[in-house]
Amino acid sequence: MSRTPRYDVVVVGAGVIGLVTAWRTAQRGLGVAVADPAPASGTTHVSAGMLTPVTEAAYGEEELLTFTLASHRRWPAFAAELERTTGLPSGYRARGTLEVAFDGDDMAVLDELLEFRRGLGLEVERLTGREIRRLEPMLAPSVRGGLHAPDDGSADPRLLTRALMAASEQAGVAFVRRRVVEVTTEAGTATGVRLAAGGQDTGLTGNGDTARPEPDTGEELAAEKVVLAAGVGTAALAGLPVRAVKGQILRLRTPVEFVTRTIRGLVRGTPVYVVPRDDGEIALGATQEDLADTRVTAGGVWQLLRDAHDLLPGITELELAETAAGLRPCAPDNFPVLGASSIPGLYAATGHFRHGVLLAPATGEVMAEALVTGRLPESAACFAADRFPIRQEERTCG
Ligand SMILES: Cc1cc2nc3c(=O)[nH]c(=O)nc-3n(C[C@H](O)[C@H](O)[C@H](O)COP(=O)(O)OP(=O)(O)OC[C@H]3O[C@@H](n4cnc5c(N)ncnc54)[C@H](O)[C@@H]3O)c2cc1C
């Protein structure tokens, strides 16, 4: 088996979480490589990109709320730094979010959530149907009312990952376009990763690495520390209990502005949302299914369009540009899985479930801190990866 030079850190997976971890860690002076056969093509590629800690605050998830709010506060500076560094947009929009009710029962649910969120000290305002339509005239006259979270915003995950890749390359991160088949260990300590045999798109790219020959079959990328950030692929590599929660989502296009801010709706108890972007795209999502396939179903598309049409009747006039499904990486307690695992040298950055884009700034910071100092910051203590033992027999995948 051939060995490439030893990196300080190899990150497995180039979704938003692997990329932000690589970027922030390289900025702190470590030598970082990212291995992924198809960077930015996983769940992040289909994600809606809402940055909505307030409208997603849920009962029993107060520790997560503290983390999502902290990450959300970092978003303006994070987006500005990315854009300044790379000259590329992140699609960040700070336009607020409306949460609207289709019928009286839906409004009763929102009223309960209003009390809960106010009890947590979150900024949220109750609006009548008329007040809501003044903000978003395309909403149906029948919409009962809703809540306004002025600080909740959005980003465009596809623009974001493009900018993160550019920023990472500028910071010296090497990209290895290969699948990882195994975390290698010596005396129980992670020593790197073994790469799958190459396809066409297998070369090393990134600052300083472009001249290096392509890796051979079976090559190991040796590293002091390995970070598993492979989304739902993480479980197969490490036996961490990360399961997939499928989400179907549509992308519509409009030549003129249709709505100005993110609208999350409750329609007969079922959530639906639309997220507008600056370029005329509107993400319409999302189903939540305990399945691990990425098939788009007629039923999924129908449910999303039916519920969105009840709130925004004009939506079915828009061009349907794309249908897609992604797999949210979810731990048994629904919380992220961050920092050192129970195997020395092996780290995880996964389990971001419905919040990977929102949590990108905070995740990048805490992972870089953990990799540089060996200590996971207190702000992420509840999410420490070693709360789940790694099942040794499931440590590899073929
Ligand atoms: C429909 C939908 C809507 C969503 N909306 C939002 C939202 O509005 N706001 C929000 O914050 N979050 C949202 N999410 C959740 C968010 O998208 C995820 O939490 C986030 O994308 C997870 O990022 P990741 O980097 O962990 O995983 P991924 O983006 O899946 O990246 C993992 C990467 O690992 C690579 N990989 C896998 N296995 C291997 C291997 N063996 N070797 C090498 N590489 C490997 C893959 O190729 C992939 O590129 C949504 C998710 C879905 C499905």
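Scoring rules and cut-offs
- Residues numbered from 1 in each chain as written.
- Predicted model: local features only at pLDDT ≥ 70, side-chain atom pairs only at ≥ 80, totals over all residues.
- Domains from an automatic or database assignment.
- Contact = placed C-beta atoms within 7 Å.
- Nonpolar A, V, L, I, M, F, W, Y, C, P; charged D, E, K, R; others polar.
- Near = placed C-beta within 6 Å.
- Helix = DSSP H or I, 4+ residues; strand = E, 2+ residues; numbered from the N terminus.
- Pairing = 2+ DSSP bridges.
- Axes fitted to C-alpha atoms, helices over the stretch in contact; angles between N-to-C directions.
- Expected span 1.5 Å × (residues − 1).
- Buried ≥ 20, exposed ≤ 12 C-beta atoms within 10 Å, placed from the backbone.
- Arc of directions from axis to C-beta.
- Right-handed = clockwise from strand over helix to strand, strands pointing away.
- Core = buried A, V, L, I, M, F, W, Y, C linked by C-beta atoms within 7 Å.
- Parallel < 35°, antiparallel > 145°, perpendicular 65-115°, else oblique.
- Left-handed = near helix turned anticlockwise from the far one by under 90°.

Let us look at the domain arrangement of the protein chain. Split into domains, the protein chain comes out as domain 1 (7-45 + 159-242 + 332-394) and domain 2 (97-150 + 243-330). Contact residues are listed per partner, giving twelve residues for domain 1 and eight residues for domain 2. Tallied by class, residues from the side of domain 1 that touches domain 2 come to four nonpolar, seven polar and one charged.

This part covers the site of the ligand. Surveying the vicinity of the ligand reveals 42 residues, the closest of which are Gly 15, Gly 42, Gly 231, Gly 233 and Gly 356. Listing elements by their share of the shell around the ligand, those giving two or more residues are helix 1 (16-27), helix 2 (43-46), strand 13 (243-253) and strand 17 (319-330).

Consider a sheet: its strands pair through backbone hydrogen bonds, and that pairing is either parallel or antiparallel. If you trace the eight strands from one edge of the open sheet to the other, you get 5-6-4-14-15-16-13-17, paired in mixed fashion. Single-partner strands in this sheet number two, and they are strand 5 (125-128) and strand 17. Mean inter-strand twist for the sheet, computed between neighbouring axes without regard to direction, equals 20°. Looking at chain direction, strand 13 and strand 16 (residues 281-285) are connected through five bridges and run antiparallel. Opposite Leu 252, over in strand 16, you have Ile 282 as the bridge partner.

Glancing now at helix 8 (residues 298-311). Counted at 1.5 Å a residue, the expected span for helix 8 with its 14 residues is 20 Å, and the 20 Å between its end C-alpha atoms agrees. Along helix 8, the positions that sit buried rather than exposed are Gly 300, Leu 304, Asp 307, Ala 308 and Leu 311. Projected onto a plane normal to the axis of helix 8, the buried residues spread over an arc of 100° and lie on a single side. Residues of helix 8 that are exposed and angled more than 90 degrees away from the buried face: Ala 298, Gly 299 and Trp 302.

Next up on the list: unusual backbone geometry. Outside of glycine, negative phi angles account for most residues, and trans bonds account for most peptide bonds. A cis amide bond links Gly 285 with the next residue in sequence, Ala 286, at an omega value of -20°. Structurally, Ala 286 can be placed in the loop between strand 16 and helix 8. Positive phi, normally seen in glycine, also occurs at Asn 334, with a value near 70°. Within the secondary structure, Asn 334 is located in the loop between strand 17 and strand 18 (337-340). Residue Phe 353 is not a glycine yet carries a positive backbone phi of 45°. One can find Phe 353 in the loop between strand 19 (346-350) and helix 9 (360-373). Classification of Phe 353 as partly exposed rests on a count of 18 C-beta atoms within 10 Å.

Let us look at helix 4 (residues 104-119). The end-to-end C-alpha distance of helix 4 is 23 Å, a good match for the 22 Å that 16 residues give at a rise of 1.5 Å each. When helix 4 is considered as a whole, its buried residues turn out to be Asp 106, Met 107 and Leu 110. Angularly, the buried residues of helix 4 cover 95° about the axis, an arc narrow enough to put them on a single face. The outward face of helix 4, more than 90 degrees from its buried face, is lined by the exposed residues Gly 104, Asp 105, Glu 112, Glu 115 and Gly 119. Buried residues along helix 4 sit in contact with strand 4 (97-101), strand 6 (145-149) and strand 14 (262-267).

Alternating positions in strand 2 (residues 32-35) separate into two faces, Val 32 and Val 34 on one and Ala 33 and Ala 35 on the other, with burial throughout. Relative to strand 2, strand 1 (residues 7-12) runs parallel, the two sharing four bridges. By the bridge assignment, Val 12 is partnered in strand 2 with Ala 35. Chirality of the crossover, the property in question, places the unit of strand 1, helix 1 and strand 2 among those that are right-handed. The sheet contact formed by strand 2 and strand 8 (residues 174-176) spans three bridges and is parallel. Within the sheet, the bridge partner assigned to Ala 35 lies in strand 8 and is Val 176.

With that settled, consider the nonpolar core. Counting residues in hydrophobic clusters, the biggest one holds 124 residues, and the most contacted among them are Val 10, Val 12 and Val 226. Mapped onto the domain boundaries, this core takes at least three residues apiece from domain 1 (7-45 + 159-242 + 332-394) and domain 2 (97-150 + 243-330). Those residues in contact with Val 12 that sit more than four places away from it in its chain are Ala 35, Val 180, Val 193, Val 226, Val 227, Leu 228, Ala 229, Ala 230 and Leu 237.

To continue, consider the packing of helix 1 against helix 9. Taken N-terminus to C-terminus, the directions of helix 1 and helix 9 make an angle of 50°; their axes are 8 Å apart at the nearest point. Classified by the angle between their axes, helix 1 and helix 9 sit oblique to one another. Classified by chirality, the crossing of helix 9 by helix 1 is right-handed. For the pair formed by helix 1 and helix 9, the contact residues are Val 16, Ile 17, Val 20, Thr 21, Trp 23, Arg 24 and Thr 25 on the first element and Ala 360, Thr 363, Gly 364, Glu 365, Met 367, Ala 368 and Leu 371 on the second. Here the residues of the contact of helix 1 with helix 9 sort into eight nonpolar, four polar and two charged.

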